[in-house]
Amino acid sequence: MKTLTIAVIAGDGVGVEVIPPAKRVLEKVARLYDVAFAFQDFDWGSQHYFRWGHMMPAGALDLLSPCDAILLGAVGHPDIPDHTTLNGLLLPIRRAFDQYANVRPAFLYPGVTSPLAKPRGGDIDFVVVRENTEGEYAQVGGFVYQHQPEEIAIQTSVFTRRGIERIVRFAFELAVKRGKKRRVTSVTKSNAQGYSMVLWDRVFDEVAAGYPGIETESLLVDAAAMNFIRRPESFDVVVGSNLFCDILSDISAIIIGSMGLAASANLDPERRFPSMFEPVHGSVPDIAGQGVVNPLAAILSASMMLDHLGLSDAAVKVERAVAGVLAEGKVRTRDLGGTSSTEEVAAAVLEKIA
Ligand SMILES: NC(=O)c1ccc[n+]([C@@H]2O[C@H](COP(=O)([O-])OP(=O)(O)OC[C@H]3O[C@@H](n4cnc5c(N)ncnc54)[C@H](O)[C@@H]3O)[C@@H](O)[C@H]2O)c1
């Protein structure tokens, strides 16, 4: 029997509530597909920061490196600046392991109500592909005259031909693999950002030329935001920069009914390093500790992990279990209009897997 080693960082807030159900689902499905998971739990995050002054220890990346994949809950604490938590844990992992493709599916499950009036179950079905290692989050810049009245902050975006080319190619390959609307939408702001985004447009066109069977569309990010609301059913694969798709994927998460249903993968498509799987949501401090957070985003992220690890039948089994629970509509957390607890939702999914 094959054993896969999974590094688990439950992290902060609701991370410690949604990761245990995701692990239980993985354990259950593993038994059906003759595979075993060896979980290595790392108690990194804000509590580690309070104790030691950093979010994860020196050498953390060396501990993660030999693992087959990483499962992450969330990071973020009301008493620590968000740029400290993000730059202390999440972004270093994404960069060190060259997880350049951040994949965020947006699917409106039958039985779930979108805040938009028109779409019904299945009408929204697209994937946001976010460049995950450079762009606006390259963390290049600095302060001059810091904390002085005349202080200056400079934050530089980094766009490389290599970085754009590989994420755009990933998006086209995904459109081919999905075999659905066969459409890739590129999101930029090249009317106002005349260097980086113009390079993006040019590289997008070059890559698109190699995929004559895939329809293309280029939208400015403001128009994309509007069209995510106006015609979400028209999208198939949407590709854009780190910042733009970070924002757009919160829109895509809420139009499918809840942030609590939005899963994501941080992939190294070349498989040189472990990829990382995490719900799109953060530490959700407003309801953390109450046992009412929706665990489905974390469970669906675990399903994406199964798919990446070559266990596509197991991935489909988990997704169908989630879809079944949502379609029945009996067991659901508050964010979906229900009254069930995190544990009750997890139990319903586990029962469906059996
Ligand atoms: N990847 C990450 O770890 C990540 C991502 C986003 C935000 N954060 C951090 O999380 C903290 C809180 O950020 P935020 O409030 O902007 O975003 P958030 O995603 O934590 O929560 C936003 C809102 O969405 C709802 N929500 C989200 N997930 C839910 C779920 N599973 N079940 C039920 N309701 C859910 C809640 O109403 C919540 O108030 C901050 O410190 C932020 O930096 C971390």
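Position labels on residues start from 1 in each chain and follow its written sequence. Local features in this predicted model are restricted to residues whose pLDDT is 70 or higher, and side-chain atom pairs enter the listing and the counts only when it is 80 or higher, whereas totals over whole chains, interfaces and linings include all residues. Based on all heavy atoms of the structure, the side-chain values leave hydrogens and waters out of the count.

Asker: I'd like to hear about the overall build of the protein, residue by residue, with values.
Answerer: On a plain count of helices and strands, the protein comes out with 11 helices and 12 strands. Principal-axis analysis of the C-alpha atoms places the extent of the protein at approximately 55 × 50 × 40 Å. Exposure categories follow from relative accessible area, calculated using a 1.4 Å probe and restricted to protein chains: below 20% of the type maximum is buried, above 50% is exposed, and the middle band is partly exposed. When burial is assessed residue by residue, the protein has 55% of its 354 residues classed as buried. Contacts are assigned to residue pairs with any non-hydrogen atoms lying within 4.5 Å of each other. Across the protein, the fraction of contacts at a sequence separation of at least 24, relative to all contacts at a separation of at least 6, is 74%. All accessible areas in this document rest on Shrake-Rupley with a 1.4 Å probe, and a residue is counted as covered only by the protein chains that are shown. Total accessible area on the protein stands at roughly 15300 Å², and carbon and sulfur atoms take up 54% of it. Each charge class in the protein can be summarised by its mean position, and for the 34 positive and 42 negative side chains these summaries are 6 Å apart. Strands here mean DSSP runs of E at least two residues long; helices mean DSSP runs of H or I at least four residues long; both are numbered from the N terminus. Charge convention: Lys and Arg are scored as positive, Asp and Glu as negative, and His as well as the terminal groups of each chain are ignored. By convention, the charge on Lys lies at NZ, on Arg at CZ, on Asp at CG and on Glu at CD.

Asker: Talk me through the site of the ligand; I want residue IDs and the actual numbers.
Answerer: Definition of nearness: a residue and a molecule or strand are near each other if at least one heavy atom of the residue lies within 4 Å of the molecule or strand. As a structural note, the neighbourhood of the ligand is formed by 20 residues, with Val75, Asp82, Gly282, Val284 and Asp286 the closest of them. Pairs of N or O atoms are called polar contacts if they sit within 3.5 Å, as long as, within protein, a hydrogen donor faces a hydrogen acceptor (for residues adjacent in sequence, only side-chain-to-side-chain pairs). In the model, an oxygen atom of the ligand is placed 2.9 Å from a nitrogen or oxygen of the valine 75 main chain. Interatomic distance of 3.0 Å between a backbone N/O atom of serine 283 and an oxygen atom of the ligand. Calculation on the ligand without its partners gives an accessible area of 810 Å², and the protein chains cover 70% of this total.

Asker: Can you lay out the side chain of threonine 333 for me, pointing to particular residues and giving the numbers?
Answerer: As for its placement among the helices and strands, threonine 333 is situated in the loop between helix H10 (312-328) and helix H11 (342-353). A polar atom in the side chain of threonine 333 sits 3.4 Å from the side chain of asparagine 294. Those residues within four positions of threonine 333 in sequence are excluded, and the remaining contacts are Val292, Val293, Asn294, Pro295, Gly338, Ser340, Ser341, Thr342 and Val345.

Asker: Before we move on, can you summarise the sheet that holds strand E4 (residues 101-107) with the specific residues and values?
Answerer: A pair of strands counts as paired when DSSP detects no fewer than two bridges linking them. Taken in spatial order, the 10 strands of this open sheet run E2-E1-E3-E12-E11-E4-E5-E10-E8-E9, and their pairing is mixed. Single-partner strands in this sheet number two, and they are strand E2 (35-41) and strand E9 (215-220). Ignoring which end each strand starts from, the neighbouring axes of this sheet average 25° apart. Here an angle of 0 to 180 degrees is reported between the N-to-C directions of two axes, which are lines fitted to C-alpha atoms, with helices fitted over the stretch in contact. Strands in contact with helix H6 (residues 196-208) are strand E5 (125-131), strand E8 (183-188), E9 and strand E10 (237-240); relative to E8, the strand with the most contacts, it is inclined by about 165°. Contacting E4, E5, E8 and E10, helix H8 (residues 242-255) runs over the sheet at an angle of about 155° to E5.

Asker: Give a detailed account of a nonpolar patch on the surface, specifying residues and quantitative values.
Answerer: Exposure above 30% relative accessible area and the absence of a salt bridge qualify a residue for a patch, where like charges join within 9 Å and nonpolar side chains (Val, Leu, Ile, Met, Phe, Trp, Tyr) within 5 Å. The rule for a salt bridge is simple: a side-chain nitrogen of Lys or Arg has to be within 4 Å of a carboxyl oxygen of Asp or Glu. Nonpolar side chains collect at one region of the surface, where Val144, Tyr145, Ile152 and Ile154 lie side by side and expose about 360 Å² of accessible area between them. According to the relative accessible area criterion, valine 144 is partly exposed, its value standing at 35%.

Asker: Outline unusual backbone geometry, supporting the account with residue identities and numerical values.
Answerer: The phi angle at tyrosine 145 is positive, at roughly 55°, despite the residue not being glycine. In this structure tyrosine 145 comes out as partly exposed when scored by relative accessible area, which is 48%. Residue arginine 271 is not a glycine yet carries a positive backbone phi of 60°. Its place among the elements puts arginine 271 in the loop between strand E11 (263-267) and strand E12 (275-279). Accessibility expressed as a relative area gives 52% for arginine 271, which makes it exposed.

Asker: I'd like a description of the environment of methionine 1, backed by residues and values.
Answerer: Topologically, methionine 1 is positioned in the segment before strand E1 (2-11). Classification of methionine 1 as exposed rests on a relative accessible area of 69%. Separated by 32 residues in the primary sequence, methionine 1 and tyrosine 33 place their C-alpha atoms 9.5 Å from one another. Not counting residues up to four positions away in its chain, the partners in contact with methionine 1 are Asp34, Val35 and Ala36.

Asker: Tell me about the pattern of salt bridges, and please be specific about residues and values.
Answerer: Here the structure, examined in full by the defined rule, presents 19 salt bridges. When the shortest N-O distance is used, the salt bridge between aspartate 307 and lysine 177 registers 4.0 Å. You can see aspartate 307 sitting in helix H9 (residues 296-308) and its partner lysine 177 sitting in helix H5 (residues 161-178), a full 130 residues away along the chain. On the basis of relative accessible area, aspartate 307 is assigned to the partly exposed category, the value being 37%. In this structure, arginine 231 engages glutamate 217 in a salt bridge whose closest nitrogen and oxygen atoms are separated by 2.7 Å. Highlighted residues: arginine 231 in the loop between helix H7 (221-230) and E10 and glutamate 217 in strand E9, separated in sequence by 14 residues. Salt bridges sharing common partners tie together Asp98, Arg162, Arg166, Asp268, Glu270 and Arg272.

Asker: Lay out helix H4 (residues 82-96) in plain terms, naming residues and giving numbers.
Answerer: Helix length check: H4, at 15 residues, gives a terminal C-alpha distance of 20 Å against a target of 21 Å (1.5 Å per residue), a fit within 8%. The largest bend along H4 reaches roughly 35° and is located at glycine 88, with the proline proline 92 sitting one to four residues downstream. Taken residue by residue, H4 has Thr84, Thr85, Leu89, Leu90, Leu91, Ile93 and Arg94 as its buried positions. Downstream of H4 by a residue or two, aspartate 98 has a phi angle that is positive, lying close to 45°. Working rule for helices: expected span equals 1.5 Å times residues minus one. A residue's bend is the angle separating two fitted axes: one through the seven residues that end there, the other through the seven that start there.

Asker: Residue-level account of the pairing of E1, with values.
Answerer: Along E1, 7 of the 10 residues are buried, which leaves the element largely enclosed by surrounding structure. In this structure, E1 lies alongside E2, joined through 7 bridges in parallel fashion. Looking across to E2, one finds that threonine 5 is bridged to alanine 38. For the crossover from E1 across helix H1 (residues 15-32) to E2, the handedness is right-handed. Note on handedness: a crossover is taken as right-handed if, strands pointing away from the viewer, the path from the first strand over the helix to the second is clockwise.

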